[in-house]
Amino acid sequence: MFSLFWVALASATLLPGGSEVWLARLWCVGEPALALWAVATVGNTLGSLINVALGRYARQFQDRRWFPASPEGLARAERWYHRFGEASLLLSWLPVIGDPLTVLAGVMRLAWWRAMLWIVLAKGARYALLITMAQQWLAPYCH
C-alpha cells in the first residue's frame, strides 16, 4: 500500500502517473477501501501541494527569459484566477488542467491551509468515487 502513496503523489505533480489503476489493483487484491482512500488522498494532496510550492517559488523568476509563461500569459492566468478564485482548486483532480491550477494557486500566493482544504476536498471525493466504482464494476473480476 505504501507504493500507492508514491504513485498518487507523483500523479499529482507535473510528472505523469496513474494512481487510479494502482488503487483499483490494490482494491482487487483485498486491501481495505478506507485505507486505500486515505493513502491515495494524502499522497495526491501532497503532490498537489508540491505544485503549489513550485508556483510560489517560480514567481520570483518571472522576469527571466526562460520563465515558462510570458508576461501576457501570466496576466491572463491571474485574471482567470481572480474571476474563478480558489474554489477552482475543486478541479485539481482533473487531468491536464488540475496540475496547472495548483501551480497557479501557488503563483497567486493562496494561503497553504486554504489550498490544502480545497485540494483535499477534490482529491478525497475523486478517490471515494473511484473506490465506489471499483466496488460496483470490478468486484466480479477480482479474486
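Quick caveat: nothing in here was measured; it's all calculated off a predicted structure.

A. Highlighting helix 1 (residues 2-12). For helix 1, the complete set of buried residues consists of Leu4, Phe5, Ala8, Leu9, Ser11 and Ala12. Considered in projection along helix 1, the buried side chains sweep an arc of 160° and stay on one side of the axis. Residues of helix 1 that are buried sit in contact with helix 2 (19-28), helix 3 (33-58), helix 5 (98-107) and helix 6 (112-137).

B. Inspection of the environment of valine 107 at higher detail. The topology assignment puts valine 107 in helix 5. Along the chain, valine 107 and isoleucine 119 lie 12 residues apart, while their C-alpha atoms are 16 Å from each other. With sequence-adjacent residues up to four places away left out, valine 107 is seen in contact with Gly55, Arg56, Arg59 and Leu74.

C. Region of the structure containing the nonpolar core. Core analysis: the biggest nonpolar cluster contains 16 residues, and Leu89, Leu110, Ala115 and Ile119 have the highest contact counts within it. Those elements that provide at least two residues to this core are helix 3, helix 4 (71-84), helix 5 and helix 6. Sorting elements by how many residues they give to this core places helix 5 first, with 4 residues. When residues no more than four places from it in sequence are discounted, the contact partners of leucine 110 are Arg56, Tyr81, Glu86, Leu89, Ala105 and Ala115.

D. Structural detail: the pattern of salt bridges. Applying the stated rule across the entire model yields 3 salt bridges. One salt bridge connects arginine 126 with glutamate 20, and the closest N-O pair in it is separated by 1.9 Å. Placement of the pair is arginine 126 in helix 6 and glutamate 20 in helix 2, with a sequence separation of 106 residues. In this structure arginine 126 comes out as buried when scored by relative accessible area, which is 13%. For glutamate 86, the salt bridge goes to arginine 114, with nearest N and O atoms at 2.5 Å. Taken as a pair, glutamate 86 in the loop between helix 4 and helix 5 and arginine 114 in helix 6 lie far apart in primary sequence, 28 residues in all. Assessed through its relative accessible area of 31%, arginine 114 is described here as partly exposed.

About the thresholds
- Residues numbered from 1 in each chain as written.
- Predicted model: local features only at pLDDT ≥ 70, side-chain atom pairs only at ≥ 80, totals over all residues.
- Heavy atoms only, no water.
- Buried < 20%, exposed > 50% of the residue type's maximum accessible area, 1.4 Å probe, protein only.
- Helix = DSSP H or I, 4+ residues; strand = E, 2+ residues; numbered from the N terminus.
- Arc of directions from axis to C-beta.
- Contact = heavy atoms within 4.5 Å.
- Core = buried A, V, L, I, M, F, W, Y, C linked by side-chain atoms within 4.5 Å.
- Salt bridge = Lys/Arg side-chain N within 4 Å of Asp/Glu carboxyl O.

Purely spatial values, then, with no claim about function.
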